[in-house]
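# Chain and residue survey
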Amino acid sequence: MAFREFRYFCSEAFKSIFHNILMTLASLVTVTGCLLFLGTFTLFSMNLSYIADQVQAECRIVAYVDPALSESETAALEATLCRIENVSAAELETKAQAFEGARAMLMEGGISIDNWEDDDFLRASYTISVRDLSTSAQTAAALRAVDGIADVSHQQDITDNVLRTTQVIKIVLVVAMIVLALIAVFIISNTIKLAVFAREREIHIMKYVGATDWFIRWPFIIEGIVVGLVGGLISQLVCMALYGACTRAVAGSVWFPFSLRAFSTVSGTLVLILLLFGALMGALGSLIAVRRHLKV
């Protein structure tokens, strides 16, 4: 395509946009609405998956230290535990720390243990974080085999339920995204069909005077791309404002225990989906809409 032809196609596309302003606005509103819904759902799905990952990260293994070990021997266990495959970190809780934790918990229930001086009934323990939750059972078995570890607390049922739930959530979100994208394509293409139908006579005249199919298509394709990009930009700005309000509300909330993704980590995906999807669907919708009217 020569630059002169491209300039002509762009000129015709923008003339059509302003000459058929009502239909253009109708297309723009529909495209923006679809992309806004798609963008909102994208942010929701990304954060739901992020929260599921946070829940997985909280599923840890507790390894209780043999009471016969001295404090130095207990501290030395950390290096041994961290060498076990799949162990990412081992955090020690001493007897004194366990005692203070029990004191704080009981005081919340109105029970005071301030007169207790002996903490020998408690055991030091290591809280183990794992890299892969799906192999945590094997990790727990390896921990039990370590000299100096008296017992290991590993709630396999809870771990399995968390893994199953997060997998189901991610699969459902992917399927929902695909369905939503197909619905958006259908709505956008049908809206652009209405715009093309309003100019059916113009298309027929161009065919009769000898214009090629692609010569007729290109102004409509560029018009669809422009409408899709503008709709994507508007929906992007709205999503940014809504997401900013949501992150501030969640950050200041005491009842919601999870954090949301920083906007900088989702903005790239959001731009890719909204702008590129808007432009692609605008072009595809124009191609589908014009094809029927080229048969004269």
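Overview of the structure. (Residues numbered from 1 in each chain as written. Predicted model: local features only at pLDDT ≥ 70, side-chain atom pairs only at ≥ 80, totals over all residues. Heavy atoms only, no water.)

## As for the packing of aromatic side chains
With the rule as written, the count across this model stands at 3 aromatic pairs. Look at Phe41 and Phe44: their rings are 6.4 Å apart centre to centre, the planes differ by 40°, and that puts the pair in the tilted class. On the criterion of helical spacing, the pair formed by Phe41 and Phe44 is a turn pair, its members being 3 residues apart in helix 2 (residues 21-58). By relative accessible area, which is 49% here, Phe44 ends up partly exposed. Seen from their ring centres, Trp214 and Trp218 are 5.8 Å apart, and the 40° between their planes marks the pair as tilted. You can see Trp214 and its partner Trp218 sitting in helix 8 (residues 213-251), 4 residues apart, about one turn around the helix. When its relative accessible area of 30% is taken as the criterion, Trp218 is described as partly exposed. (Phe/Tyr/Trp six-rings, centres within 6.5 Å; stacked < 30°, edge-to-face > 60°. Helix = DSSP H or I, 4+ residues; strand = E, 2+ residues; numbered from the N terminus. Buried < 20%, exposed > 50% of the residue type's maximum accessible area, 1.4 Å probe, protein only.)

## Describing unusual backbone geometry
Although it is not a glycine, Asn86 sits at a positive phi angle of roughly 85°. Mapped onto the fold, Asn86 is located in the loop between helix 3 (71-82) and strand 2 (87-93). Judged by its relative accessible area of 9%, Asn86 is buried.

## Examining the nonpolar core
In this structure, Ile61, Leu81, Tyr126, Ile128, Leu143, Ile149 and Val152 are the most contacted members of the largest nonpolar core, which totals 20 residues. At the level of elements, strand 1 (61-65), helix 3, strand 2, strand 3 (125-130), helix 5 (136-144) and strand 4 (149-153) are the ones that each hand at least two residues to this core. Apart from residues lying up to four places away in sequence, Tyr126 is in contact with Ile61, Val62, Ala63, Val65, Thr74, Ala75, Leu77, Glu78, Leu81, Ala90, Glu91 and Leu92. In terms of nonpolar packing, the next biggest core, distinct from the first, is built from 19 residues, Val227, Cys239, Tyr243 and Phe277 among them. (Core = buried A, V, L, I, M, F, W, Y, C linked by side-chain atoms within 4.5 Å. Contact = heavy atoms within 4.5 Å.)

## A closer look at the packing of helix 1 (residues 3-19) against helix 8
Their axes nearest at 8 Å, the elements helix 1 and helix 8 cross at an angle of 60°. When the axes of helix 1 and helix 8 are compared, the pair comes out oblique. Remark: the crossing between helix 1 and helix 8 carries right-handed chirality. Here Phe6, Tyr8, Phe9, Cys10, Glu12, Ala13, Phe14, Ser16 and Ile17 of helix 1 lie close against helix 8, whose contacting residues are Phe215, Trp218, Pro219, Ile222, Glu223 and Val226. Residues that form the contact of helix 1 with helix 8 fall into these classes: 12 nonpolar, 1 polar and 2 charged. (Axes fitted to C-alpha atoms, helices over the stretch in contact; angles between N-to-C directions. Parallel < 35°, antiparallel > 145°, perpendicular 65-115°, else oblique. Left-handed = near helix turned anticlockwise from the far one by under 90°. Nonpolar A, V, L, I, M, F, W, Y, C, P; charged D, E, K, R; others polar.)

## Quick look at the sheet that holds strand 4
If you walk across this open sheet you meet the 4 strands as 2-3-1-4, and the pairing is antiparallel. Edge strands, defined here as strands with exactly one partner in the open sheet, are strand 2 and strand 4. On average, each strand axis in the sheet is tilted by 25° relative to the strand beside it, whichever way the strands run. Packed on one face of the sheet, helix 3 meets strand 1, strand 2, strand 3 and strand 4 and runs near 170° to strand 2. Most of the contacts of helix 5 go to strand 4, to which it runs at about 165°, and overall it touches strand 1, strand 2, strand 3 and strand 4. (Pairing = 2+ DSSP bridges.)

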